[in-house]
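Structural characterization, general
Residue strings, one per chain:
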Amino acid sequence: MTVAEELTPENPDEAEEPIKQRKNGLYPGVSDELADSMKSGWADTALRGLEPIAQAAETAARRAALSARFPGERLVIPAGNLKTRSNDTEYAFRASVEYAYLTGNQTEDGVLVLEPVTGGHRETIYLLPRSDRENGEFWLSGQGELWVGRRHSLTESEALYGIPASDVRELADTLREATGPVRVVRGYDAGVEAALTDKVTAERDAELRTFLSEARLVKDDFEVGELQKAVDSTVRGFEDVVRVLDKAEATSERYIEGTFFLRARVEGNDVGYGTIAAAGPHACTLHWVRNDGPVRSGDLLLLDAGVETHTYYTADVTRTLPVNGRFSEIQRKIYDAVYDAQEAGIAAVSPGAKYRDFHDAAQRVLTERLVEWGLVEGPVERVLELGLQRRWTLHGTGHMLGMDVHDCAAARVESYVDGTLEPGMVLTVEPGLYFQADDLTVPEEYRGIGVRIEDDILVTADGNRNLSAGLPRESGEVESWMAALLQG
C-alpha cells in the first residue's frame, strides 16, 4: 500500500461518508489546502460515443423473458460485494452469474431491478457512479479511482448496457419503500436483502433463482461463441504445459498450474475454476488443487483446466498425459478403456436423447472392462444395478457448462438430470477410472493410476459438436501430439 490510502479528511464528520483511515497510517489528516488542490486541475475524462457491449441484444432478450415470467412483481438481482481476503485486501471480484447474465455488467455493488409497470417492467441498473472528487473519495478511499481504477459514469453505463442507470447508494431506501410482491436473488448482497427483509419469501426467491438457472440450459449464439473462445484458449494452454514438462519435473505440479494460468490471464479473464494438475497418484484425487507434488517421468499427469473468457464463459477440459510422452502398457490399457467409454458417451449426446444417456453409455463400457479384467464379479447388469463400478469410476460422467463450470445447478431435476437434450445445450463428457494407491482389491500394477478424459460438447440440431476437438484424445494421437510439441 502507498501513502494516499492512509489519508482521511481532518473533519470527517463534515463529509457525507467519512473515509476510513488505517489505524497505523503515516499521515494524521489532510490539510484544507491539499484538499482544495486535489479538487481541481483535472482534465475531462468523460467517455463519449460509446457503443453497446457485444451481447447487449442477448441480455435484453433475457431480461424480457424474465419480465414475462414474473408479471407484476419487483425483481432484484444483485452483483454482490467485495469480500475480504485478509485485513484490508479483497478477493478479486466476480459478479454473480445471474446479474452478469442479465446485464453484461461485472462491477461490484451493482443491482438490477425490474419494477412492475403496465405491460411489463421498468428496468434500472443501480451502480456506483464515478468516485467523487469533491469529498476526496477518488484519492482517499481504498476503492477510489486513483487506487483501483476508473469506474464508468452512470451515463456511460447506460450507453454500454442499454439500461437506465441510477446511483446504487440510493437503492436501499427505494427498496424499503417498495410495495407489492418482491423477489430477490439471495446470497450476494446482505444490504439489499436487509432492505427487503419483510417483503420477500424464501419460496418466491428460490423460484426466481431456479428460473434464471434453467434459462441458461440452452445457450444462444453469443454464448456458444464465447464457449468456443474459452475452449480454443484452453487448447493453447494445454500445449503450453506440454512444452514445459521438463521444467515441471525440475520443480512441481505448481509449474504446470502457473503455466496454464498465464494463458488464462493473457487471453481471458481468469481460470474458470481451480486448475487440477495431478501427477502420479494425485490423479486419483478428483479435485486435487494443492498442486504441490512432484512430476516424474514414467507417471501420468491428469490436467483438468479451463480458461474463462472476459464474459465469464468457461471451458472445462481434461487430458491425462504421460509425462515422458509415452504410455506404459498398463497406463495405455486403462487410458484406452476410458477413451472407449468417452466415445460411447459422446455418441449418446443428441437432441431428444435423455440427459442421462451419455452417462449410462460411458459407465457401461467402463463396467465391461472392470469385469473383463477380473476386478469385479459380473455379470455387467448386476454390477451396474448395484453401482459396484463406482469404487473406481467415482463420479458422474458430465455436467452442464456455461458461465459456471457446473452451470444451471439450481435447475429443477426434471429439467436437468431427468430432462431431455436440446440443441444449444453444452455439457461435458468426462468418464474416468481411478485406482487408489492403497486399494488392495486391485493388482499392484493398477495402483496409483488415475485417468480422466473430458471434452465440451455442444448439442446440435443433428447430433453434437466437440468444441474441444482441437486436443487429441486417442492414445497414439496423444503421443504424436506431445512429441511434435516437445520437438518444436
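Quick caveat, the model's predicted, so the values are computed rather than measured.

1. Notes on the overall build of the chain
For the chain, the helix and strand inventory stands at 17 helices and 17 strands. Dimensions of the chain along its principal axes, counting C-alpha atoms only, are 80 × 55 × 40 Å. With 488 residues in all, the chain has 50% of them scored as buried. Contacts spanning at least 24 positions in sequence make up 68% of the contacts within the chain whose residues lie at least 6 apart. Total accessible area on the chain stands at roughly 22200 Å², and carbon and sulfur atoms take up 49% of it. Charged side chains in the chain number 51 positive and 84 negative. The centres of these two groups are separated by 2 Å.

2. What to know about helix H10 (residues 221-243)
Between its terminal C-alpha atoms H10 stretches 34 Å, which fits the 33 Å expected from 23 residues at 1.5 Å a residue. The N-terminus of H10 is capped by Asp-220, whose side-chain oxygen sits 3.1 Å from the backbone nitrogen of Phe-222.

3. A look at the packing of aromatic side chains
Tallying each qualifying case throughout the model produces eight aromatic pairs. When the ring of Trp-42 is compared with that of Phe-138, the centres are 5.5 Å apart and the planes differ by 85 degrees; the resulting orientation is edge-to-face. You can see Trp-42 sitting in the loop between helix H1 (32-39) and helix H2 (56-69) and its partner Phe-138 sitting in helix H4 (residues 137-140), a full 96 residues away along the chain. Overall, Trp-42 belongs to the partly exposed group, its relative accessible area being 41%. Residue classification places Phe-138 among the buried positions, given a relative accessible area of 0%. An aromatic cluster of three or more residues is present, and its members are Tyr-355, Phe-358 and Tyr-416.

4. Quick notes on the pairing of strand E9 (residues 276-279)
Side-chain alternation along E9 places Ile-276 and Ala-278 on one buried face and Ala-277 and Ala-279 on a second face that is also buried. Relative to strand E10 (residues 300-305), E9 runs antiparallel, the two sharing four bridges. The residue bridging Ile-276 from the neighbouring strand is Asp-304, located in E10.

5. A word on helix H14 (residues 357-372)
In this model, H14 (16 residues) spans 23 Å end to end at C-alpha, consistent with the 22 Å of a helix rising 1.5 Å per residue. Taken together, the buried positions of H14 are Phe-358, Ala-362, Gln-363, Val-365, Leu-366, Thr-367 and Leu-370. Residues of H14 that are buried in the fold lie against helix H13 (329-347), helix H15 (380-386), helix H16 (390-393), strand E13 (426-429) and strand E14 (432-435). Looking one or two residues beyond H14, the residue adopting positive phi is Gly-374, at roughly 80 degrees.

6. So, unusual backbone geometry
Across the junction of Gly-378 and Pro-379, the peptide omega takes the value 5 degrees, indicating a cis bond. Looking at the secondary structure, you find Pro-379 in the loop between H14 and H15.

7. Concerning the confidence of the model for the chain
Averaged over all residues, the pLDDT of the chain is 95; the fraction at 70 or higher stands at 96%. Considering only residues more than four positions removed or in separate chains, one finds that residues 1-15, a stretch of pLDDT under 50, has 38 contacts.

8. Brief notes about the nonpolar core
Leu-66, Ile-77, Ile-256, Ile-334, Trp-373, Leu-433 and Phe-435 are the most contacted members of the largest nonpolar core, which has 89 residues in total. If one sorts the elements of this core by residue count, H10 sits on top with eight residues. Leave out the neighbours within four places in its chain, and Trp-373 touches Lys-333, Ile-334, Ala-337, Leu-433, Phe-435 and Tyr-446.

9. Thoughts on the sheet that holds strand E17 (residues 463-466)
Strand order in this open sheet of three strands is E13-E16-E17, and the pairing throughout is antiparallel. The sheet terminates laterally at E13 and E17, the two strands that pair on one side only. Here the average twist between neighbouring strands, direction ignored, is 40 degrees. The sheet contact formed by E13 and strand E16 (residues 455-460) spans four bridges and is antiparallel. Note that in E16 the partner of Thr-428 across the bridge is Asp-456. Docked against the sheet, H13 engages E13, E16 and E17, running at close to 155 degrees with respect to E13.

10. What about the UniProt feature "domain: Aminopeptidase P N-terminal" (unreviewed entry) in the chain?
When the UniProt feature table is mapped onto this chain numbering, "domain: Aminopeptidase P N-terminal" (unreviewed entry) sits at residues 54-193. Summarising residues 54-193: 34% helix, 22% strand, and an end-to-end C-alpha distance of 31 Å.

11. Some thoughts on the pattern of salt bridges
Per the counting criterion, the structure on display carries 37 salt bridges. With its nearest N and O atoms 4.0 Å apart, the salt bridge here joins Arg-216 to Asp-404. Pair noted here: Arg-216 is in the loop between helix H9 (202-215) and H10 and Asp-404 is in the loop between H16 and E13, with a separation of 188 residues, a long-range link. Note on Arg-216: relative accessible area 3%, which makes it buried. Judged by its relative accessible area of 29%, Asp-404 falls in the partly exposed class. The network of salt bridges with shared partners includes Arg-236, Asp-240, Arg-243, Arg-263 and Glu-267.

12. As for the environment of Ala-484
Within the element layout of this structure, Ala-484 appears in helix H17 (residues 475-487). When its relative accessible area of 48% is taken as the criterion, Ala-484 is described as partly exposed. Distance in space between the C-alpha atoms of Ala-484 and Gly-110 is 48 Å, their sequence separation being 374 residues.

13. Concerning the sheet that holds strand E12 (residues 317-322)
Across the sheet, which stays open at both edges, the three strands sit in the order E9-E10-E12 with antiparallel pairing between neighbours. If you trace the sheet from one side to the other, it starts and ends with E9 and E12, each paired once. On average, each strand axis in the sheet is inclined to that of its neighbour by 10 degrees, with strand direction left out of account. As defined by bridge partners, E10 adjoins E12 across six bridges and the pair is classed as antiparallel. By the bridge assignment, Leu-302 is partnered in E12 with Thr-320.

14. Some details on the packing of H10 against helix H12 (residues 253-267)
Two packed helices can be described by the angle between their axes and the distance between those axes. Running from N to C, H10 and H12 point in directions that differ by 145 degrees, and their axes come no closer than 9 Å. Along this stretch, H10 crosses H12, giving a crossing that reads as right-handed. Taking contact as the criterion, the partners of Ser-233, Thr-234, Arg-236, Gly-237, Phe-238, Asp-240 and Val-241 in H10 are, on H12, Ile-256, Thr-259, Phe-260, Arg-263 and Glu-267. Residues of the contact of H10 with H12, tallied by class, amount to four nonpolar, four polar and four charged.

Calculation criteria
- Residues numbered from 1 in each chain as written.
- Predicted model: local features only at pLDDT ≥ 70, side-chain atom pairs only at ≥ 80, totals over all residues.
- Heavy atoms only, no water.
- Helix = DSSP H or I, 4+ residues; strand = E, 2+ residues; numbered from the N terminus.
- Buried < 20%, exposed > 50% of the residue type's maximum accessible area, 1.4 Å probe, protein only.
- Contact = heavy atoms within 4.5 Å.
- Areas by Shrake-Rupley, 256 points an atom, 1.4 Å probe, with all protein chains shown as cover.
- Lys, Arg positive; Asp, Glu negative; His and termini not counted.
- Charge placed at Lys NZ, Arg CZ, Asp CG, Glu CD.
- Expected span 1.5 Å × (residues − 1).
- Polar contact = N/O pair within 3.5 Å; in protein donor to acceptor, adjacent residues only side chain to side chain.
- Phe/Tyr/Trp six-rings, centres within 6.5 Å; stacked < 30°, edge-to-face > 60°.
- Pairing = 2+ DSSP bridges.
- pLDDT = per-residue confidence, 0-100.
- Core = buried A, V, L, I, M, F, W, Y, C linked by side-chain atoms within 4.5 Å.
- Axes fitted to C-alpha atoms, helices over the stretch in contact; angles between N-to-C directions.
- UniProt positions renumbered as here; feature names shortened; annotations may be inferred.
- Salt bridge = Lys/Arg side-chain N within 4 Å of Asp/Glu carboxyl O.
- Left-handed = near helix turned anticlockwise from the far one by under 90°.
- Nonpolar A, V, L, I, M, F, W, Y, C, P; charged D, E, K, R; others polar.

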